[in-house]
Amino acid sequence: SQQGEEDPQALSIQEGENATMNCSYKTSINNLQWYRQNSGRGLVHLILIRSNEREKHSGRLRVTLDTSKKSSSLLITASRAADTASYFCATDRTGGGNKLTFGTGTQLKVEL
Amino acid sequence: SQTIHQWPATLVQPVGSPLSLECTVEGTSNPNLYWYRQAAGRGLQLLFYSVGIGQISSEVPQNLSASRPQDRQFILSSKKLLLSDSGFYLCAWSSDRAVSPIYFGEGSWLTVV
């Protein structure tokens, strides 16, 4: 079963706008990670946030984690056409042994 | 730097035929190794997980098996493919630290006809 569920399933924005994707999960976690997948390719790791962290930044990416609500968000600022991809959250459950469980993803389309 | 190679990239196999997908990792030792499957428009499903040679954990009951004959080699197999085995198969590795990102190969598209 899917541990993480992303929202929205699809998002279309204009270049330069910000994109926000949300992820909800069900069980307690050690950490939560976000990945990007270009169509037909492997996934690329973007950012990892531990359960005792609330916010993390990497370039134009900002991730927040609220363990009380079992939710996370990924914000991409000043989006570019090259950001067009699917974005997945993945959770490492407490005691899970680094076996990530992935959500169903958000398809982001950034239009010129 | 570490790299992961997965092959073949695409294959079309008839129902009932065998399958072998291979994956090797370079530039690291004692990695955790994973096989995931992604159905069209869906998230990833963890199939197999390995923490060392000969140590394989099967996450879901299925028509597939995995082997790890060497530290950095992971093989996904089937003796007889089913139509439902079609999908995008991804090999991945992570360090053996308790908290680590997972790094994916480029995937193998399998179509069973």
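Here, every reference points to the structure presented above.
Now for a quick tour of the structure. (Residues numbered from 1 in each chain as written. Chains lettered and ligands numbered in written order. Predicted model: local features only at pLDDT ≥ 70, side-chain atom pairs only at ≥ 80, totals over all residues. Heavy atoms only, no water.)

**Details of the overall build of chain B**
The condition is simple: Secondary structure is summarised from DSSP: a helix means a run of H or I of at least four residues, a strand means a run of E of at least two, and numbering begins at the N terminus for each. Just to be clear, the radius of gyration here is over C-alpha atoms, and the globule rule we use is 2.2 Å times residues to the power 0.38.
Per the secondary structure count, chain B includes zero helices and eleven strands. Moving toward the C terminus, one meets the helices and strands of chain B in the order β-β-β-β-β-β-β-β-β-β-β. In terms of overall dimensions, chain B is globule-like: its C-alpha atoms have a radius of gyration of 13 Å, near the 13 Å expected for 113 residues. Seen through its principal axes, chain B has C-alpha atoms that stretch 40 × 25 × 20 Å.

**With respect to the interface of chain A and chain B**
The criterion, for reference: Here, two residues are considered to be in contact whenever any of their heavy atoms come within 4.5 Å of each other. Any N or O atom pair separated by 3.5 Å or less is treated as a polar contact, with the protein-specific requirement of one donor-capable and one acceptor-capable atom, and with residues adjacent in sequence counted only for side-chain atom pairs. Note on residue categories: nonpolar means Ala, Val, Leu, Ile, Met, Phe, Trp, Tyr, Cys or Pro, charged means Asp, Glu, Lys or Arg, and polar means any other residue, Gly included.
Taken together, the contacts link 21 residues of chain A with 24 residues of chain B. Taken together, the connections running from chain A to chain B amount to eight residue pairs in polar contact (both at pLDDT 80 or more). At the level of secondary structure, the elements contributing two or more residues to the side of chain A that touches chain B comprise β4 (29–37), β5 (43–50) and β9 (85–93) of chain A. Looking at side-chain class alone, the side of chain A that touches chain B contains six nonpolar, eleven polar and four charged residues.

**Here's the deal with the side chain of Asp-92 of chain A**
Note on placement: Asp-92 of chain A falls in strand β9. A distance of 3.3 Å separates a polar side-chain atom of Asp-92 of chain A from the backbone nitrogen of Asn-98 of chain A.

**Quick look at the sheet that holds strand β3 (residues 19–24) of chain A**
All names here are of chain A. The cut-off we apply is this: In this scheme, strands are said to pair when DSSP sees at least two bridges between them. Helix axes are fitted to C-alpha atoms over the stretch in contact, other axes to C-alpha atoms as well, and angles between N-to-C directions run from 0 to 180 degrees.
The sheet built from five strands is open, its strands ordered β1-β3-β8-β7-β6 with antiparallel pairing. The open sheet has two edge strands, β1 (5–7) and β6 (55–58), and neither has a second partner. Taking each pair of neighbouring strands and ignoring which way they run, the sheet shows an average axis angle of 20°. Two elements, β3 and strand β8 (residues 71–76), share six bridges in a ladder whose sense is antiparallel. Counterpart to Thr-20 in the pairing with β8 is Leu-75.

Note that every value here comes from positions in space, so none of it alone points to a role or purpose.
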